Amino acid sequence: MKKNICNLVTIGLAAVALAGARAQEIRIENTIKIVGMTKPIPVALDGFTGEAAEVLKFDLYVQGFSFVTPEAAQFLIHGSGAGSVSGSVTDKVSRRVMLSSSYNGASLRRQAHAFANDIVQTIQNKPGIGLTKIAFKSQPSGFGGGEIYVADFDGYGAQAVTTDRAIAAKPAWVPHQLALYYTSYARNNPDIFYHSLSSGQRRVVAGYSGLNTSASVSPDGSKLAMVLSKSGSPNIWIANADGSNLKHLTTGIEDSSPCWSADGQWICFATKIAERRRLAKVSVAGGAVHTLNTAGVANPTEPDWSPDGKWIAFTSQMGDFSICVMPADGSLAPVVLVRGENPSWAPNSRTLVFNHETGHRQLLSVLDVFTKQYKDCTRTAGSNSQPAWAK
Amino acid sequence: MKMNQIVFPLTLALVATLAATGCKKGTPKLTQLPGQRVPVGGTGEQPNLDTKPFTPGDANPNPNGNPVPPADPGKTALADRDLFEGMIKDAEALKSYTVHFAFDSAVVKKGEESNVSAVAAALATTAANKLLIEGNCDERGTEEYNRALGERRADALREALVKAGVSADRIRTISYGKDKPVDPGHDEAAWSKNRRGDFILLLPKAGV
């Protein structure tokens, strides 16, 4: 493989110009993807060892790639992670070098994640998730007190956000900001806090009598949906991001787990209609509650709407918990993917983070919904659950 | 858009640089990554950071003071939390009246009504005492579903007590979902104990 590191000084500039040049090439999209049944893209990985190889394999696997011999591969990925990461991607049939990059600065891990992102962008024409973050709750004993954590999406570099030693739950990212909402019992009541991770400041935005939980932030960051019981039973309420302008949105008998549609116009939530647990959606302006078609699965809860608007992931409970995905427009029945609960979409609208129980401990995993490939990403002691992917 | 503003001058710079260095086609791009990670709460490298001014709470200095929208039919709005500020918890006084629930149900069973009556009677003796109802679930069911279910159990007991003559102003509810089991086991024997509403007597703070 030809390595042609000519002038490292030009790098940032070259990256921009090459991206511009690539945009003008003819690109044939392979868009036929079926949830749970799509074949992974076969690549051969060569020259990488240790941490760089581990990062590349993890990142690519959970974005729909598989690792095969050079003979069986569609793309050849060659390079080195010695000292710093550099590598190339070659289309095996045309012999065309599609990507050739070197990285410096930060850690070797971050360099490898950045290369994985460039591979995904080159082959799938979509931004990769290698440098994204997740938040989750971690409990030493599996119930009771715990803390909210933030980590890289593969579980590395976990850092505690809270130090309350109180029950904490359901972190939710503010889109495009380093800030979370979460539930904490720090004031001896389940209250919803806003917490800026860059300033370390936090504030209660919903501290009403009874239950304040399950915060979900609108895609533009301006509004909150949440579960409050101040009126006498748990229902879905919406408010401005600072908690003001509170509005009672639903009056169902068993409402829980609100999430926003990608266009910010709908709230999808779990409820009970005619004695059956269902997923439903309601306009943020209020009005009629529309039941979603979840034929074939029972007890749906915890919906999460993909950022591209196409999919709704949720948890079904049929004996065990399962992660399910269905088209948001209801055109196809849900597909049951793997055992687990609490799914949260990555910004790429194809990878989910979720938790699943093993030996009465909750572990985090990352799942590519199209190929159904998944890997555990728990690197923190205790029981880890309710992951939320930063978008 | 920001990207366009960056691309044009950079492209010009690239042309100049390429002319100066004579790099061949296929030069690998080198991506400079931002520095090492910093602790959460620090000010260093962060993707997509707080860009908008945000002052949660400022517009809402007293969250409990918001106007209450129309309540559900048949539901009594919850009493203000401030009414219970500083009260002393007595978890023993009403311990024997704990109410248990069927799986995934917030219905107070017929057989449990004597416990509700006993709690109402206990509250009737001392007007200054109040009540905290803790709603709990077994470990089956997802976490947030159970947090709502625990609240529905506490709310159902609260409605039953209001019907039995207790003023709604004297009752506070809290849901622990599946976070506060009395038996951490993983079988029906444990689950049936954990699906419950506990009554905590609240006494006026000392010296009042």
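Note that this is a predicted model, so its numbers are computed, not measured.

Consider a sheet: its strands pair through backbone hydrogen bonds, and that pairing is either parallel or antiparallel. Residues and elements named next belong to chain A. Strand order in this open sheet of four strands is β8-β7-β6-β29, and the pairing throughout is antiparallel. At either end of the open sheet lies a strand with only one pairing partner, and these are β8 (159–160) and β29 (383–389). In this structure, strand β6 (residues 133–139) lies alongside strand β7 (residues 147–152), joined through six bridges in antiparallel fashion. Residue pairing across strands places F136 opposite Y149, the latter belonging to β7.

For the rest of this paragraph, the subject is the confidence of the model for chain A. Here chain A averages 91 in pLDDT, while 92% of its residues score no lower than 70. In this model, residues 1–23 of chain A is a region of pLDDT below 50 whose contacts with residues beyond four sequence positions or in other chains number 43 contacts.

All names here are of chain A. Structurally, A52 can be placed in helix α2 (residues 50–61). Look at A52 and you get buried, because 26 C-beta atoms sit within 10 Å. For the pair formed by A52 and M326, sequence separation is 274 residues and the distance between their alpha carbons is 35 Å. With sequence-adjacent residues up to four places away left out, A52 is seen in contact with G81, V85, L108 and A112.

All names here are of chain A. Spatially, the four strands line up as an open sheet ordered β25-β26-β27-β28, and their pairing is antiparallel. The strands lining the two open edges of the sheet, one partner per strand, are β25 (341–345) and β28 (373–376). Direction aside, neighbouring strands of the sheet carry axes that sit 25° apart on average. Bridging between β25 and strand β26 (residues 351–358) involves three bridges; their strand directions are antiparallel. Each residue of the ladder has a partner; that of E341, found in β26, is N355.

This paragraph deals with the domain arrangement of chain A. Bring the parts together and some accessible area is lost; that lost area is often taken as the interface size. Residue and element names in this part refer to chain A. Split into domains, chain A comes out as domain 1 (8–124) and domain 2 (133–389). Distance between the C-alpha centres of domain 1 and domain 2: 32 Å. Across the contact, eleven residues belong to domain 1 and 17 residues belong to domain 2. Its residues assigned to classes, the side of domain 1 that touches domain 2 comprises five nonpolar, four polar and two charged.

A word on α2(A). All names here are of chain A. A rise of 1.5 Å per residue sets the reference length of α2, with its twelve residues, at 16 Å; its end C-alpha atoms lie 16 Å apart and thus fit the reference within 8%. Looking at α2, one finds that the buried residues are A52, V55, L56, F58, D59 and L60. For α2, the elements touching its buried residues are β1 (41–46), β2 (65–67), α3 (108–124) and β28.

Grouped together as the largest cluster of nonpolar side chains are 134 residues, with contacts concentrated most on L180(A), Y181(A) and L224(A). Ranked by residues supplied to this core, first place goes to helix α3 (residues 143–163) of chain B with eight residues. Inspection of this core shows a minimum of three residues originating in each of domain 1 (8–124) and domain 2 (133–389) of chain A. Not counting residues up to four positions away in its chain, the partners in contact with L180(A) are A135(A), I148(A), V161(A), P171(A), A172(A), W173(A), H195(A) and L197(A).

Here the focus is the pairing of strand β5 (residues 171–177) of chain B. Put simply, side chains in a regular strand alternate between the two faces of the sheet. Residue and element names in this part refer to chain B. Among the seven residues of β5, seven are classified as buried, and the element is accordingly described as predominantly covered. Of the two faces of β5, both are covered, the one formed by I171, T173, S175 and G177 as well as the one formed by R172, I174 and Y176. Direction of pairing for strand β4 (residues 130–136) relative to β5: parallel, over a ladder of six bridges. Along β5, the bridge assignment pairs L131 with I171. Once you follow β4 into α3 and on to β5, the crossover reads as right-handed.

All names here are of chain B. Per-residue confidence for chain B averages 76 on the pLDDT scale, and 64% of its residues sit at or above 70. Taken as a whole, residues 1–26 scores under 50 in pLDDT and shows 26 contacts with residues more than four places along the chain or in a different chain. The model gives residues 36–71 a pLDDT under 50, and that stretch makes 69 contacts with residues more than four places away or in other chains. For this predicted complex, the interface score ipTM comes out at 0.89, alongside a pTM of 0.84.

With respect to the helices and strands, Q111(A) occurs in helix α3. When the C-alpha atoms of Q111(A) and I238(A) are compared, they prove to be 41 Å apart, with 127 residues separating the residues in sequence. Leaving out residues up to four positions away in the same chain, Q111(A) has contacts with S84(A), V85(A), Y103(A), A106(A) and L33(B).

All names here are of chain A. Orientation of α2 relative to α3, taken along the N-to-C sense of each, is 40°, at an axis distance of 9 Å. When the axes of α2 and α3 are compared, the pair comes out oblique. Here α2 runs over α3; the crossing is right-handed. On α3, the residues touching E51, A52, V55, L56, D59 and L60 of α2 are L108, R109, A112, H113, F115, A116 and I119.

As a further point, take the environment of T213(A). Residue and element names in this part refer to chain A. With respect to the helices, strands and loops of the structure, T213 is situated in strand β13 (residues 212–217). Among the residues examined, T213 registers 29 C-beta atoms within 10 Å and is labelled buried. In this structure, the C-alpha to C-alpha distance between T213 and Y182, residues 31 residues apart in sequence, is 7.6 Å.

Rules and cut-offs
- Residues numbered from 1 in each chain as written.
- Chains lettered and ligands numbered in written order.
- Predicted model: local features only at pLDDT ≥ 70, side-chain atom pairs only at ≥ 80, totals over all residues.
- Pairing = 2+ DSSP bridges.
- Helix = DSSP H or I, 4+ residues; strand = E, 2+ residues; numbered from the N terminus.
- pLDDT = per-residue confidence, 0-100.
- Contact = placed C-beta atoms within 7 Å.
- Buried ≥ 20, exposed ≤ 12 C-beta atoms within 10 Å, placed from the backbone.
- Axes fitted to C-alpha atoms, helices over the stretch in contact; angles between N-to-C directions.
- Domains from an automatic or database assignment.
- Nonpolar A, V, L, I, M, F, W, Y, C, P; charged D, E, K, R; others polar.
- Expected span 1.5 Å × (residues − 1).
- Core = buried A, V, L, I, M, F, W, Y, C linked by C-beta atoms within 7 Å.
- Right-handed = clockwise from strand over helix to strand, strands pointing away.
- Parallel < 35°, antiparallel > 145°, perpendicular 65-115°, else oblique.
- Left-handed = near helix turned anticlockwise from the far one by under 90°.

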